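If you want the building blocks of each chain, they are given just below.
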Amino acid sequence: VQLQAFGGGLVQPGGSLRLSCAVSRDIFSIVFMRWYRQTPGKEQEIVAHMPSAGDPVYPLASVKGRFTISRDGAKNTLDLQMNSLKPEDTAKYYCNAFYDGVHYWGKGTLVTVSS
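The shown structure was predicted, so the numbers you read here are calculated from the model rather than taken from an experiment.

Reading the values: the criteria
Residue positions are counted from 1 within each chain, in the order its sequence is given. At least 70 in pLDDT is required for a residue's local features to be given in this predicted model, at least 80 for side-chain atom pairs to be given and counted, and no such filter applies to totals for whole chains, interfaces and linings, which use all residues. Side-chain numbers here rest on the full set of heavy atoms in the structure, without hydrogens or water. Secondary structure elements follow DSSP: runs of H or I of four or more residues count as helices, runs of E of two or more count as strands, with numbering from the N terminus. Whether two residues are in contact is decided by their heavy atoms, any of which lying within 4.5 Å being enough. One side-chain nitrogen of Lys or Arg within 4 Å of one carboxyl oxygen of Asp or Glu is enough to make a salt bridge. For every residue, the accessible area (1.4 Å probe, protein chains only) is compared with the maximum for its type, and the residue is labelled buried under 20%, exposed over 50%, or partly exposed between those bounds. Nonpolar cores were defined as sets of buried Ala, Val, Leu, Ile, Met, Phe, Trp, Tyr and Cys residues, with membership established by side-chain atoms within 4.5 Å. Throughout, a disulfide means two cysteine sulfur atoms within 2.5 Å of one another.

Observations concerning the environment of Gln-44
Within the element layout of this structure, Gln-44 appears in the loop between strand S4 (32-38) and strand S5 (45-51). As for Gln-44 and Tyr-94, which are separated by 50 residues in sequence, their C-alpha atoms are 9.7 Å apart. The residues contacting Gln-44, other than those within four sequence positions of it, are Tyr-36, Arg-37, Gln-38, Tyr-94 and Trp-105.

Structure representation (structure tokens):
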């Protein structure tokens with residue numbers, strides 16, 4: 001499974017960004033997919049989890065109500081809509097896929113929230 005994340009960039013506090021992760025396999029065949037983020041010196045955080053069936057889960061309380069994970073079957077992408085961005089959302093965001101017992105990772109896309 002190959003993953004390529006894009007859509008990061010510089011945005012002002014309160015702004016929005018939409019990240020996308022292009023997936024090389026049928027996205028609905030993957031057991032689950034996630035968005036993670038990481039900043040230097042901090043542990044990696046699971047931002048959002050999309051199971052193959054059922055509702056998405058947002059383990060980070062700080063993003064609930066602001067971030068939305070979704071799958072686009074037509075484009076075969078995993079998306080992350082991020083609204084009301086805060087400086088503490090600054091991080092490199094990675095998409096992850098769990099398929100056939102293996103975790104696959106994309107290279108990440110940098111999100112910087114700053115005025």
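A word on the pattern of salt bridges
According to the stated counting rule, one finds four salt bridges in the structure shown. The partner of Asp-89 in a salt bridge is Arg-37, with the nearest N and O atoms 3.0 Å apart. Taken as a pair, Asp-89 in the loop between strand S7 (77-82) and strand S8 (91-99) and Arg-37 in strand S4 lie far apart in primary sequence, 52 residues in all. Note on Arg-37: relative accessible area 6%, which makes it buried. As a salt-bridge pair, Arg-66 and Asp-89 come within 2.8 Å of each other at their nearest N and O atoms. Residue Arg-66 is found in the loop between S5 and strand S6 (67-72), and its partner Asp-89 is found in the loop between S7 and S8; the two are separated by 23 residues along the sequence. A relative accessible area of 10% places Arg-66 in the buried class. On the basis of relative accessibility, which here comes to 1%, the residue Asp-89 falls in the buried class.

Re the nonpolar core
Residues Trp-35, Val-47, Leu-80, Met-82 and Tyr-93 are the most contacted members of the largest nonpolar core, which totals 29 residues. Elements with a contribution of two residues or more to this core: strand S1 (3-6), strand S3 (17-23), S4, S5, S6, S7, S8 and strand S10 (109-113). In this structure, Met-82 is in contact with Gly-15, Ser-16, Leu-17, Leu-19, Arg-66, Phe-67, Tyr-93 and Val-111, ignoring residues within four places of it in sequence.

Some points on the state of the cysteines
Here is the idea: a disulfide is a covalent bond, and it sits between the sulfur atoms of two cysteines. A full pass over the atoms with the stated rule returns one disulfide. Each sulfur of the disulfide joining Cys-21 and Cys-95 lies 2.0 Å from the other. Where Cys-21 bonds to Cys-95 through sulfur, the torsion about that S-S bond is close to 55°, and the disulfide is right-handed. With Cys-21 in strand S3 and Cys-95 in strand S8, this pair connects stretches of sequence that are 74 residues apart. Using a relative accessible area of 0% as the deciding quantity, one classes Cys-21 as buried. What makes Cys-95 buried here is its relative accessible area of 0%.

Function cannot be inferred from these measures alone, as they are strictly geometric.
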